[in-house]
Amino acid sequence: MSKEKIPYKIYLEESEMPSAWYNLRADMKNKPAPLLDPKTLKPMTAEALSGVFCDELIAQELDENRAYFEIPEEIRSFYKMYRPSPLVRAYCLEEKLGTPAKIYYKFEGNNTSGSHKLNSAIAQAYYAKKQGLKGVTTETGAGQWGTALSMACSYFGLDCKVYMVKCSYEQKPFRREVMKVYGASVTPSPSTETEVGRKILAEHPGTTGSLGCAISEAVEKSMTSEGYRYVLGSVLNQVMLHQSVIGLEAKTALDKYGVKPDIIIGCAGGGSNLGGLIAPFMGEKIRGEADYRFIAVEPVSCPSLTRGVYAYDFCDTGKVCPLSKMYTLGCDFIPSSSHSGGLRYHGMNSTLSQLHYDGLMEAVSVKQTDVFEAAEYFARVEGILPAPESSHAIRVAIDEALKCKETGEEKTILFGLTGTGYFDMVAYEKFHNGQMGDYTPTDEELEKYKAKLPKV
Ligand SMILES: *Cc1c(COP(=O)(O)O)cnc(C)c1O
């Protein structure tokens, strides 16, 4: 197909937006293992989950047979404010690299929260409202999820209580204030508001907190507050389901021009954007209708897919959430303080874990300074200032395009550009000043945490 025929940006009409989310598990031959109750080690039932999560979300979480879930009209209306998101043909990047590869990216940073997380936040807020709840609680590390959830809650008139890891609360005052613009209450964690927070503060006075600790506080708050439930921005299969809008739109846009990607790349923290991007393509691969290479990209500092073990583990450091079978570094593993807060998670979504285990999806890890080098290269040619997390995918897309330059292969590469990096300028500053580290954990270090995995 000639260059003129494919525009720089492929926009879809509103009417071409997906009307249903796609549940990839329905097409998988080897289903992901069920969540286990941390107390009984038996599969989690809907009843057991109902004290913590909203009912309809539990139904989505536990359903591995139904392929499509209709997107309610109210959610579609909200999606229309910022979706369909553009699929961009990176002509400028291709030219600059001098590669025969054709590069496309699906850009999810075109909304105020600045990332794909809004796709699931609005769904979760809708189901909480529909259930007649007063509000939701959650944790946020870097702040993207808290921001997305605040926007979604204000839209539906729900109260939103965010526990923000204390060091981020102090280091990212602008993120914190954006959440307040949307009416959320933001508490630095650990706090004196919860029993677990008080306990942690007594044991570790002056601690600046961690994601695991903030999760424990948010869960406790939801269970002790009438009319509240806890919501989570990644890792769970319901989140991956909502994020399938990314892949469905990307596929519709590519199909319009008869383009089939050879390689599909995404960054992987808890796995929701990558799972959502690849879902419809992976469905085709599993059904034997097409073949694609899928690559998950993670930081060398938090290498769950590339160096973790496939085993049951707690989803949170506080060990209050269910056990999930996944690639994990151990729930006690605290990744070194990298600038990609969204990728600092010890485990991985269970569906993606199963796909990796079955050899259907590859995984690679990349160094932080190489990621920022790619981020800046990309910003200078394509204009968008990418989030550090998203830049992991950019790094590997560029590497694959450079391989094509060597071999002369005209491969088509699709990657997910999950968000923008305006709130990450301290990280860019460190990169510019040569103060950025590249921490890779040693085998001994990793073994220590793996040895502590729950015996299931
Ligand atoms: C949270 C986040 C991620 C990682 O989360 P996943 O659940 O793995 O998708 C990636 N990019 C951005 C911009 C994020 O905010």
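These figures come from a predicted structure and were not determined experimentally. (Residues numbered from 1 in each chain as written. Predicted model: local features only at pLDDT ≥ 70, side-chain atom pairs only at ≥ 80, totals over all residues. Heavy atoms only, no water.)

Student: Describe the overall build of the protein, listing the residues and the values that go with them.
Tutor: Helix and strand counts for the protein stand at 18 helices and 15 strands. Along the longest, intermediate and shortest principal axes, the C-alpha atoms of the protein span 65 × 50 × 45 Å. Sorting the 456 residues of the protein into buried and exposed places 61% on the buried side. Where the 51 positive side-chain charges of the protein centre and where its 57 negative ones centre are 1 Å apart. (Helix = DSSP H or I, 4+ residues; strand = E, 2+ residues; numbered from the N terminus. Buried < 20%, exposed > 50% of the residue type's maximum accessible area, 1.4 Å probe, protein only. Lys, Arg positive; Asp, Glu negative; His and termini not counted. Charge placed at Lys NZ, Arg CZ, Asp CG, Glu CD.)

Student: Can you tell me about the sheet that holds strand 1 (residues 9–10), naming the residues and giving the values?
Tutor: The mixed open sheet is built from seven strands, whose spatial order is 1-4-5-15-10-11-14. Of all the strands in the sheet, just strand 1 and strand 14 (362–366) have a single pairing partner and so form its edges. One ladder, built from six bridges, connects strand 5 (residues 102–107) with strand 15 (residues 412–417); its direction is parallel. Residue pairing for strand 15: Y105 is matched across the bridge by F415. (Pairing = 2+ DSSP bridges.)

Student: Pulling in residues and values, what's your account of the sheet that holds strand 6 (residues 135–140)?
Tutor: With parallel pairing, four strands are arranged side by side in an open sheet as 8-7-6-9. The open sheet has two edge strands, strand 8 (185–189) and strand 9 (228–230), and neither has a second partner. Taking each pair of neighbouring strands and ignoring which way they run, the sheet shows an average axis angle of 25°. The pairing of strand 6 with strand 7 (residues 159–165) spans six bridges and is parallel. Each bridged residue has a counterpart across the sheet, and for T138 the counterpart in strand 7 is V162. (Axes fitted to C-alpha atoms, helices over the stretch in contact; angles between N-to-C directions.)

Student: Lay out unusual backbone geometry in plain terms, naming residues and giving numbers.
Tutor: Between R83 and the following residue, P84, the backbone shows a cis peptide bond with an omega angle of -10°. Residue P190 is bonded to the preceding S189 through a cis peptide linkage, with omega at 5°. By secondary structure assignment, the location of P190 is in the loop between strand 8 and helix 9 (195–203). Despite not being glycine, L41 shows a phi value in the positive range, around 60°. Among the secondary structure elements, L41 is positioned in the loop between strand 2 (20–22) and helix 1 (46–49).

Student: How would you explain the nonpolar core if you had to name every residue and give the values?
Tutor: Residues W21, L24, I75, Y79, M361 and L414 are the most contacted members of the largest nonpolar core, which totals 76 residues. Counting 35 residues, the second-largest nonpolar core is a separate cluster that includes I265, F372, C404 and A427. (Core = buried A, V, L, I, M, F, W, Y, C linked by side-chain atoms within 4.5 Å.)

Student: How would you sum up the site of the ligand? Please name residues and give values.
Tutor: Close contacts around the ligand come from 19 residues, with K117, S234, S272, N273 and T418 the closest. One of the side-chain N or O atoms of K117 is found 2.6 Å from an oxygen atom in the ligand. For the ligand, an oxygen atom lies 2.8 Å from a polar atom in the backbone of G271. Relative to its unbound accessible area of 390 Å², the ligand is 98% covered by the protein chains. Here the shell around the ligand is built from residues that sort into four nonpolar, 13 polar and two charged. (Near = heavy atom within 4 Å. Polar contact = N/O pair within 3.5 Å; in protein donor to acceptor, adjacent residues only side chain to side chain. Areas by Shrake-Rupley, 256 points an atom, 1.4 Å probe, with all protein chains shown as cover. Nonpolar A, V, L, I, M, F, W, Y, C, P; charged D, E, K, R; others polar.)

Student: Tell me about the pairing of strand 13 (residues 323–328), residues and numbers included.
Tutor: Counting buried residues along strand 13, five of its six residues qualify, which places the element largely inside the surrounding structure. Of the strand pairs in this sheet, strand 12 (residues 309–314) and strand 13 are connected by six bridges, and their pairing is antiparallel. Within strand 13, the residue paired with Y312 across the bridge is K325.

Student: I'd like to hear about the side chain of K450, residue by residue, with values.
Tutor: In this structure, K450 sits in helix 18 (residues 443–450). Apart from the residues lying within four places of it in its own chain, the contact partners of K450 are R307, G308, V309 and L329. (Contact = heavy atoms within 4.5 Å.)

Student: Please give an account of the pairing of strand 15 that cites residues and values.
Tutor: For strand 15, a buried count of six out of six residues is recorded, marking the element as mostly surrounded by other parts of the structure. Pairing of strand 10 (residues 263–267) with strand 15, which is carried by three bridges, proceeds in the parallel orientation. Looking at the pairing, I265 lines up with F415 of strand 15.

Student: Break down helix 15 (residues 368–382) for me, with residues and values.
Tutor: Across its 15 residues, helix 15 extends 21 Å between first and last C-alpha, which sits within 8% of the 21 Å expected from 1.5 Å per residue. Those residues of helix 15 that fall on the buried side of the exposure criterion are Q368, T369, V371, F372, A374, A375, E376, F378, V381 and E382. (Expected span 1.5 Å × (residues − 1).)

Student: So what about the pattern of salt bridges? Which residues, and what values?
Tutor: Within this structure, the stated rule accounts for 29 salt bridges. Residue E410 is joined to K102 by a salt bridge in which the shortest nitrogen-to-oxygen separation is 3.1 Å. Separated by 308 residues along the polypeptide, E410 in the loop between helix 16 (388–407) and strand 15 and K102 in strand 5 bring together distant segments of the chain. In this structure E410 comes out as exposed when scored by relative accessible area, which is 54%. The partner of D291 in a salt bridge is K285, with the nearest N and O atoms 3.1 Å apart. Taking relative accessible area as the criterion, D291 reaches 61% and is therefore assigned exposed. Overlapping salt bridges, with partners in common, bring together R83, K106, E108 and E249 in one network. (Salt bridge = Lys/Arg side-chain N within 4 Å of Asp/Glu carboxyl O.)

Student: Before we move on, could you go through the packing of helix 6 (residues 144–156) against helix 8 (residues 173–181) and cite the residues and values that matter?
Tutor: Direction vectors running N to C along helix 6 and helix 8 enclose 15°, while the axes themselves pass 8 Å from each other. Overall, the two elements helix 6 and helix 8 adopt an arrangement that is roughly parallel. As for how helix 6 packs across helix 8, the hand of that crossing is left-handed. Touching Q144, G146, T147 and S150 of helix 6 are R175, V178 and M179, all from helix 8. A per-class count over the contact of helix 6 with helix 8 returns two nonpolar, four polar and one charged. (Parallel < 35°, antiparallel > 145°, perpendicular 65-115°, else oblique. Left-handed = near helix turned anticlockwise from the far one by under 90°.)

Student: Kindly report on the environment of E389, identifying the contributing residues and their values.
Tutor: Its place among the elements puts E389 in helix 16. Separated by 14 residues in the primary sequence, E389 and A375 place their C-alpha atoms 9.7 Å from one another. Sequence-distant contacts of E389, defined by excluding residues within four places in its chain, comprise Q144, C267, S340, G341, G342 and L343.

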